[in-house]
Amino acid sequence: MPMEYAQNDKVLPYRIIKETKGRDLVGMEYQQLLPWIKPLESAFRVIAGDFVTTDDGTGIVHIAPTFGADDDKVAKQSGIPPLILIDKEGKRQPMVDRTGKFYTMDVLDNDFVEKHINKELYSQFEGKYVKNAFNSKLTEKDMSLDVEIALALKLEGKAFKIEKHTHNYPHCWRTDKPILYYPMDSWFIRTTAIKDRMIELNKTINWKPESTGTGRFGNWLENLVDWNLSRSRYWGTPLPIWRTEDGKEEICISSVAMLSKEIDKSIEKGFMKENKYASKDYLDFDLHRPYIDDVVLASPKGEKMMRETDLIDVWFDSGAMPYAQVHYPFSCSEEELKKTFPADFIAEGVDQTRGWFFTLHAISTLVFDSVAFKNVVSNGLVLDKNGNKMSKRLGNGVNPFDVIEKYGADATRWYMISNSQPWENLKFDIEGVDEVRRKLFGTLYNTYSFFALYANIDSFAYNEKEIPYKERPEIDRWILSELNSLIKSIDESYNEYEPTRAARAISSFVDECLSNWYVRLCRRRFWKGEYTEDKISAYQTLYTCLETLSQLMSPIAPFFAERLFLDLNNISSLRKDKDNKPIESVHYTDFPTSNDSLIDKGLEERMFLAQKVSSMVLSLRKKNNLRVRQPLQKILIPAPNQEFISQIEKVEQLILSEVNVKTIEFLSPENNVLVKKAKANFKTLGPKFGSKMKAIANSLDGLSQERIADIEKEGKIILDINNEEIELLLSDVEIVTQDIPGWVVQNDGNITIALDTTITESLLKEAIARELVNRIQNIRKDQLFEVTDFIRVEIEYNALLEEVIQEYSEYIKGETLTKELSLRRVGVSAIIGQQRFEPILKVDIIEGIELAINISKV
RNA sequence: AGUCUCGUAGCUCAGUUGGUUAGAGCACUACACUGAUAAUGUAGGGGUCGGCGGUUCAAGUCCGCCUGAGACUACCA
């Protein structure tokens, strides 16, 4: 590049003469760039600082110790003086005054101006605002001081390159104007003196999540600095400190009573005329600044003491909450205070690290050498459904009142608590609230309605004595076992401040255990037959489940829980208060405790098996187009051992009725009908054989039926892996049934089932009987008959149907509350002729057979 | 910049001390069920577990780097 340069050239020519490390430049001196003001001592020297990046430029930057904490710190370390002006009062000032403009020379000390200011240069800049926003006469369009200075440097040939930078300098939240940092005098609390104790005490606090306590808050304590307590504001809580003008005498006021006493002294000295603070009525005086500033006190030496005008950081008020709320130490003794202090539990946003969490902890450590809270949940933010912060500006905010209005407080709260743990950010999606309403509350409401429907019919009010647990059927014992397991886990979850886990456990119990298994399987017990022990057992069991659920969910869904509980209890009066009246609220009841003697893990396991087997059979039916109303003869299950057989046998009836099959048969392991497959058990083989794993797994994959049978018989097998004999035990191998030739088969994990799909004539007839029941039930429902109404049924004659009815007449009548069931050997037209056949219904009984049917109340 | 959290199906989330086909619910599609019916069952599609590299016989899981989102603190020369 040519080194010629004309004044108006855009690019300054340059030449690289040497490359060097920044540290080699330290100590170099340079000429002052803007020599308006001469510093009090030599200042223009390169120093080292660790807070400057080399992302842009050379890594050499100017510092301004009077306007930045980091700059001030590094300057002090290296002995660089700040650029200081001396005003007419002799006070040291930064270059910019409190209105945001350069000091004018006329307010500065004459001697200082003469000795330190280059009047010719500075006169062009004195009085200028450093930001246009500070000057009401300027707009953003006017040239800013930054640009003015840059141009001046350019003209002097001192600027190598000028770029526009947008700073994210802090701005005033109200006026949006840029903010300048100033060094200010402040009052501090020397929290560094109790730093170690604060760290120690913090370790005893249960933080949710733990990482906030150890990480964010813990680190913050490790790097603790003194607490800057004072703020310069117009109105607020005053620092209770009065000082003499020379600062040599000072007093800290600890109560209104003390203040009043001191004012009296001051009146004696003639500093004050009256004492408003002698009144017992707080409405007679105001403790806040600026009113309190009128108070002048007298020092022991008899001098005037004025109040320090600074206020106390409002965070102090938050941190003082535990004492302030009970007005300790004035209206509350220490003993009384200790009833509520330290707090068992607090919750606030995770952004409160330096705010509430810190000030609570600092003050309690200082005052009582204690924690202020034993448990804390630092909750995350509620974001919009796309994970963006909600803001008015973006219009992505959700109005909580609208949501509560539409879905209710319970559904909203349940959604928020169950969806993600409180300390994680929540992506709030209104669809999710609706899902909770349908899934949990809808299901639970349905379950309750089902219970209430039949309980009312039978006038069940929990008046009978409790049916002993052992006399209740297996299914009742099962749901009670699950219920007590649930109580246990819920209690643990709440205790550990894991409400999300609790909510999810309740939700899955309601859906999977109670609604979709217990109630589904027990439906008949509620509506069929007389008011027997079995029926009472069913009512009592379901009642207990519903009542317990209302208690378990009450912390998260207080309103729904309350309604559910009261609807139950107002009828049964099972829970009474001490006056022997029905207790008024679920929230007054004791939280349930689990009865471990009712928990039967074996029972829970075999019920799980029953569900799994049923599901597999239904799947097989589906694949083979066999509707559930078609009874089938047999399920075949290969059983690995006797224990498996006895587990299944105990739930056999449940499975059979659920899937509408007549019998279950077991195949013993020795049976050679089964086609089996061996798989490697990586967990046991891994540690033993390491790198040979792959070869072993492959070898097991291709094992013949005979060799698999050998392992089962011998308990071990020797494999040849790359000419090496390797012995495996039965436990190293998983053997599963793959197929049963000639049957339709379903595999799931280590369970295999097969289904006999043969439909005999007798099974077909039974199917038709069931279809008939189904059609009659539908018609009953269509015609809005009550579930208790008895009916008369007439069906158009059909030969096949006649046989079915002969055989299943009692069954059909029982299922449908039919008093008379008859076939009429008449044509449709003839039926129409009869008055009673209105309206006419033609119904598909089985495929291809459509018959007229008529149903009427008896 | 430092500290911390999070990133798994279209969406919301599980995922044990690393163990071989990564799950659930919702949504979608199809079929069934129908005296709980704004419910239910079965089946189906849908995943390079944010990316790259490493440790290991084996990584969603452990380690390093990067990246995206968020919070706090400092700074923004």
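Attention in this report is confined to the structure presented alongside it. (Residues numbered from 1 in each chain as written. Chains lettered and ligands numbered in written order. Predicted model: local features only at pLDDT ≥ 70, side-chain atom pairs only at ≥ 80, totals over all residues. Heavy atoms only, no water.)

Re the overall build of chain A
Piece 1. Check the secondary structure of chain A and you find 28 helices and 27 strands.
Piece 2. By principal-axis analysis of the C-alpha atoms, chain A measures approximately 130 × 85 × 60 Å.
Piece 3. Burial status across chain A gives 42% buried among its 858 residues.
Piece 4. Taking contacts inside chain A between residues at least 6 apart in sequence as the whole, the part at least 24 apart equals 67%.
Piece 5. For chain A, the computed accessible surface area is about 50,000 Å², with 50% contributed by carbon and sulfur atoms.
Piece 6. Charge-centre separation for chain A: the mean point of 112 positive side chains lies 2 Å from the mean point of 133 negative side chains. (Helix = DSSP H or I, 4+ residues; strand = E, 2+ residues; numbered from the N terminus. Buried < 20%, exposed > 50% of the residue type's maximum accessible area, 1.4 Å probe, protein only. Contact = heavy atoms within 4.5 Å. Areas by Shrake-Rupley, 256 points an atom, 1.4 Å probe, with all protein chains shown as cover. Lys, Arg positive; Asp, Glu negative; His and termini not counted. Charge placed at Lys NZ, Arg CZ, Asp CG, Glu CD.)

Re the layout of surface pockets
Gaps left between atoms are located by rolling a probe of water-molecule size over the structure's atoms.
Piece 1. Volume-wise, the second largest pocket comes out at about 1,700 Å³.
Piece 2. Every residue lining the second largest pocket is counted, 45 residues in all, and those nearest its centre are Arg523, Arg524, Trp527, Gln777 and Glu815.
Piece 3. For the lining of the second largest pocket, the secondary structure elements donating two or more residues are helix H15 (430-457), helix H17 (499-527), helix H22 (652-659), strand S17 (661-667), helix H26 (761-782) and helix H27 (799-816).
Piece 4. Per element, the largest residue contribution to the lining of the second largest pocket is 8 residues, and it comes from H17. (1 Å grid on protein atoms, 1.4 Å probe; cavity = no way out; pocket = protein on both sides within 12 Å on 5 of 7 lines; lining within 4 Å. Points joined across faces, edges and corners; volume = space filled by probe spheres on them.)

Considerations on the packing of helix H14 (residues 409-419) against H15
Piece 1. At a minimum axis distance of 9 Å, the contact between H14 and H15 shows a crossing angle of 100°. In terms of orientation, H14 and H15 fall into the roughly perpendicular class. Touching Asp410, Ala411, Thr412, Trp414, Tyr415 and Ser418 of H14 are Gly432, Val433, Val436, Leu440 and Phe441, all from H15.
Piece 2. Per-class residue counts for the contact of H14 with H15 are 7 nonpolar, 3 polar and 1 charged. (Axes fitted to C-alpha atoms, helices over the stretch in contact; angles between N-to-C directions. Parallel < 35°, antiparallel > 145°, perpendicular 65-115°, else oblique. Nonpolar A, V, L, I, M, F, W, Y, C, P; charged D, E, K, R; others polar.)

Comments concerning the sheet that holds strand S23 (residues 751-755)
Piece 1. Read from one edge to the other, the open sheet built from 4 strands follows the order S17-S16-S23-S22, with strand pairing classed as mixed. Each end of this open sheet is capped by a strand with a single partner; those strands are S17 and strand S22 (744-748). Averaged over all adjacent pairs, the angle separating strand axes in this sheet is 25°, with direction ignored.
Piece 2. Sheet topology note: the strand S16 (residues 632-638)/S23 ladder contains 2 bridges and is antiparallel. Residue pairing in the sheet places Leu636 in a bridge with Ala754 of S23.
Piece 3. Sheet strands touched by helix H20 (residues 601-623): S16, S17, S22 and S23. Its angle to S23, the strand with the most contacts, is close to 45°.
Piece 4. Most of the contacts of helix H21 (residues 642-650) go to S17, to which it runs at about 170°, and overall it touches S16, S17 and S23. (Pairing = 2+ DSSP bridges.)

As for the nonpolar core
Piece 1. Within the largest apolar cluster, 87 residues are counted, with the highest numbers of intra-cluster contacts made by Trp414, Phe451, Tyr518 and Ile635.
Piece 2. Excluding its chain neighbours within four sequence positions, the residues that come into contact with Trp414 are Asn419, Val436, Leu440, Phe441, Ala503, Ile506, Ser507, Met553, Ile556 and Ala557.
Piece 3. Core analysis: the next-biggest nonpolar cluster, separate from the first, contains 32 residues, Ile189, Leu221, Trp227 and Phe368 among them. (Core = buried A, V, L, I, M, F, W, Y, C linked by side-chain atoms within 4.5 Å.)

Digging into helix H19 (residues 558-572)
Along an α-helix, residues three or four apart share an orientation, since each turn contains 3.6 residues.
Piece 1. With 15 residues, H19 should reach 21 Å at 1.5 Å per residue; the first-to-last C-alpha distance of 21 Å fits that figure.
Piece 2. Listed as buried for H19 are Pro558, Ala561, Glu562, Leu564, Phe565, Leu566, Leu568, Asn569 and Ser572.
Piece 3. Its buried side turned inward, H19 meets H14, H15 and helix H18 (533-553).
Piece 4. Phi turns positive one or two residues past the end of H19, at Ser573, with a value near 55°. (Expected span 1.5 Å × (residues − 1).)

Brief notes about helix H5 (residues 145-155)
Piece 1. For H5, the full list of buried residues reads Leu145, Ile149, Ala150, Ala152 and Leu153. Viewed along the axis of H5, the buried residues span an arc of 160°, placing them on a single side of the element.
Piece 2. Two residues or fewer after H5 comes Gly157, characterised by a positive phi angle close to 70°. (Arc of directions from axis to C-beta.)

Here we look at the pattern of salt bridges
Piece 1. Applying the stated rule across the entire model yields 38 salt bridges.
Piece 2. Close ionic contact of Asp434 with Arg437 constitutes a salt bridge, the shortest N to O distance being 2.8 Å. You can see Asp434 and its partner Arg437 sitting in helix H15, 3 residues apart, about one turn around the helix.
Piece 3. Relative accessible area serves as the criterion here: at 19%, Asp434 is assigned to the buried category.
Piece 4. Between Lys634 and Glu665 there is a salt bridge, and its shortest N-O distance comes to 3.3 Å. With a gap of 31 residues between them, Lys634 in strand S16 and Glu665 in strand S17 connect regions that are remote in the sequence.
Piece 5. Taken together, the shared-partner salt bridges connect Arg197, Glu200 and Asp369 into one network. (Salt bridge = Lys/Arg side-chain N within 4 Å of Asp/Glu carboxyl O.)

Some points on the environment of Val613
Piece 1. Take Val613: it is sitting in helix H20.
Piece 2. For the pair Val613 and Ile637, spaced 24 residues apart in sequence, the C-alpha separation works out to 9.3 Å.
Piece 3. In contact with Val613, other than residues within four places in its own chain, are Ile637, Ile648, Ile655 and Ile753.

A look at a nonpolar patch on the surface
Piece 1. Together, Tyr14, Ile16 and Phe160 make up an exposed nonpolar region whose accessible area comes to about 360 Å².
Piece 2. With respect to the element layout, Ile16 can be found in the segment before helix H1 (22-25). (Patch = residues over 30% accessible without salt bridge, like charges linked within 9 Å, V, L, I, M, F, W, Y side chains within 5 Å.)

Examining the side chain of Ser364
Piece 1. Turning to its location among the elements, Ser364 is positioned in helix H12 (residues 353-368).
Piece 2. Look at Ser364 and you get buried, because its relative accessible area is 0%.
Piece 3. A distance of 2.8 Å separates a polar atom in the side chain of Ser364 from the backbone oxygen of Ser370.
Piece 4. Only 3.3 Å separates the side chain of Ser364 from the backbone nitrogen of Ala372, close enough to count as a polar contact. (Polar contact = N/O pair within 3.5 Å; in protein donor to acceptor, adjacent residues only side chain to side chain.)

Describing the pairing of strand S12 (residues 343-349)
Piece 1. Across 6 bridges, S12 lies against strand S13 (residues 373-379) in parallel orientation. Residue pairing across strands places Phe345 opposite Asn375, the latter belonging to S13.
Piece 2. Remark: the S12/H12/S13 crossover connection has right-handed handedness. (Right-handed = clockwise from strand over helix to strand, strands pointing away.)

Description of the environment of Leu626
Piece 1. Secondary-structure assignment places Leu626 in the loop between H20 and S16.
Piece 2. For the pair formed by Leu626 and Thr757, sequence separation is 131 residues and the distance between their alpha carbons is 8.1 Å.
Piece 3. Setting aside its immediate chain neighbours within four residues, Leu626 contacts Arg621, Leu632, Thr757 and Ile759.

Observations concerning the environment of Leu542
Piece 1. With respect to the helices, strands and loops of the structure, Leu542 is situated in helix H18.
Piece 2. Leu542 sits 66 residues away from Asp476 along the chain, and the two C-alpha atoms are 8.4 Å apart.
Piece 3. The contact partners of Leu542, leaving out residues within four places of it in the chain, are Thr447, Phe450, Phe451, Leu514, Tyr518, Val519 and Phe526.

Some points on the sheet that holds S13
Piece 1. Strand order across the open sheet formed by 3 strands is S4-S13-S12, with parallel pairing between neighbours. Of all the strands in the sheet, the pair left with one neighbour each is strand S4 (206-208) and S12. Taken over all neighbouring pairs, the strand axes of this sheet differ in orientation by 15° on average, direction set aside.
Piece 2. Sheet strands in contact with H12 are S4, S12 and S13, and its direction is about 155° off that of S12.

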